[in-house]
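Residues per chain are reported as follows:
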Amino acid sequence: MAEVKISAEVRSEFGKGAARRTRRENKVPAVVYGHGADPVHISLPGHDLMMALKTANALLSIDIEGRKELVIPKAVQRDALKGFIKHVDLLAVKRGEKVAVEVAVHTEGELAPGPFLLENVLSTLTVEAEATHIPESVTVSVEGLEAGASILAKDVTLPEGTTLVTDEDAVVIQVLAAQAEEPAAEDAADEAASEV
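Source: prediction; values computed, not measured.

*Asks:* Honestly, the overall build of the protein chain in this entry has me stumped. Any pointers?
*Replies:* Each helix and strand counted, the protein chain has three helices and 13 strands in total. Since a compact globule built from 196 residues should have a radius of gyration of about 16 Å, the 24 Å found for the protein chain marks it as more spread out than a globular shape. On the principal axes, the C-alpha backbone points of the protein chain span a range of 80 × 45 × 25 Å. Taking as baseline every contact in the protein chain between residues at least 6 positions apart, the subset at least 24 positions apart corresponds to 63%. With the model as given, the accessible surface of the protein chain reaches about 12000 Å², and the carbon-plus-sulfur share is 49%. Here the protein chain carries 19 positive and 33 negative side-chain charges, and the mean point of each set is 19 Å from the other.

The structure is reproduced here in structure tokens:
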């Protein structure tokens, strides 16, 4: 995963009013914490941050007034209606350090022929990986699976250097038999009325 470089400014004002003023300047209030250091309150360019966060578990190299800091997003707060980023919590990491993150689970392949449904029980897995080598996602093959088949977390192939944190016996994907729909009550009423 490539590092995304972003310049930051230290914030000295706090609270809702200060956060609104920061957002009006097309910047996003953020906090960097970790490694036992005091949290650092910063603001980041809104567009640059939005583009960087399009990649899951993005590794950001932040320049805080001349001091470089490697961080990963830990919590991203978005506006419920417009979707813009309101606030970000960033976790400071070091090269070689292992971090626990959630990665998306993607499926590939076709189920066996028949009336089967694929249920994604878990859409993400928690894994531990080196901060500069966090996988964006993991892929699971469902090729030829039939009803009753399931894939457990321990069955998912993880990239080298990545270990599973999620319970290994947790069901990630399962295949169900499709249920035939029963005729609706109004259809039965229509049939009864046509017989009269």
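So, next bit.
*Asks:* Whenever I open this one, the environment of arginine 21 confuses me. Can you help?
*Replies:* Relative to the helices and strands, arginine 21 is located in helix 1 (residues 16-24). For arginine 21, a relative accessible area of 39% translates into the label partly exposed. C-alpha separation for the pair arginine 21 and glycine 144, spaced 123 residues apart in sequence, amounts to 55 Å.

*Asks:* Looking at this model, I keep getting lost on the sheet that holds strand 12 (residues 163-164). Mind explaining?
*Replies:* Consider a sheet: its strands pair through backbone hydrogen bonds, and that pairing is either parallel or antiparallel. As summarised here, the arrangement of the four strands in space is 10-7-9-12, forming an open sheet in which the pairing is mixed. Here the strands that pair on one side only, and so sit at the sheet edges, are strand 10 (137-141) and strand 12.

*Asks:* When you look at the pattern of salt bridges in this model, what are you seeing that I'm missing?
*Replies:* A pair can form between side chains of opposite charge whenever their charged atoms are brought close. A complete count under the given rule lists four salt bridges for this structure. The partner of lysine 27 in a salt bridge is glutamate 9, and the shortest N-O contact between them spans 2.9 Å. Note that lysine 27 is positioned in strand 2 (residues 27-34) and glutamate 9 in strand 1 (residues 3-10), a separation of 18 residues in sequence. The class of glutamate 9 is partly exposed, set by a relative accessible area of 40%. The partner of glutamate 69 in a salt bridge is arginine 67, and the shortest N-O contact between them spans 2.6 Å. With relative accessibility at 17%, the residue glutamate 69 sits in the buried group. The partly exposed category is assigned to arginine 67, whose relative accessible area is 40%.

*Asks:* Is there a simple way to think about the pairing of strand 10 in this case?
*Replies:* Within a regular beta strand, the side chains point alternately toward one face of the sheet and then the other, so they alternate between its two faces. Burial along strand 10 is one-sided: Val138 and Val140 are buried, while Ser137, Thr139 and Ser141, pointing the other way, are not. Examined bridge by bridge, strand 7 (residues 98-108) and strand 10 share five bridges and lie parallel to one another. When the bridges of strand 10 are listed, alanine 104 appears paired with serine 137.

*Asks:* Just checking my understanding: could you explain unusual backbone geometry for this structure?
*Replies:* As a rule of thumb, non-glycine residues mostly have phi less than zero, and peptide bonds are mostly trans rather than cis. Look at asparagine 26: it is not a glycine, yet its phi comes out positive at around 60°. Within the element layout of this structure, asparagine 26 appears in the loop between helix 1 and strand 2. At glutamate 65, a residue that is not glycine, the phi angle is positive and equals roughly 50°. Turning to its location among the elements, glutamate 65 is positioned in the loop between strand 4 (59-64) and strand 5 (67-78).

*Asks:* Looking at this model, I keep getting lost on the environment of isoleucine 62. Mind explaining?
*Replies:* By secondary structure assignment, the location of isoleucine 62 is in strand 4. When the C-alpha positions of isoleucine 62 and lysine 98 are compared, they lie 19 Å apart, and in sequence the two are 36 residues distant. Every residue in contact with isoleucine 62, bar those within four places of it in the chain, is listed here: Ile6, Ala8, Ile42, Leu44, Arg67, Lys68, Glu69, Val71 and Leu90.

Basis of the calculations
Residues numbered from 1 in each chain as written. Predicted model: local features only at pLDDT ≥ 70, side-chain atom pairs only at ≥ 80, totals over all residues. Heavy atoms only, no water. Helix = DSSP H or I, 4+ residues; strand = E, 2+ residues; numbered from the N terminus. Rg over C-alpha atoms; globule rule 2.2 N^0.38 Å. Contact = heavy atoms within 4.5 Å. Areas by Shrake-Rupley, 256 points an atom, 1.4 Å probe, with all protein chains shown as cover. Lys, Arg positive; Asp, Glu negative; His and termini not counted. Charge placed at Lys NZ, Arg CZ, Asp CG, Glu CD. Buried < 20%, exposed > 50% of the residue type's maximum accessible area, 1.4 Å probe, protein only. Pairing = 2+ DSSP bridges. Salt bridge = Lys/Arg side-chain N within 4 Å of Asp/Glu carboxyl O.

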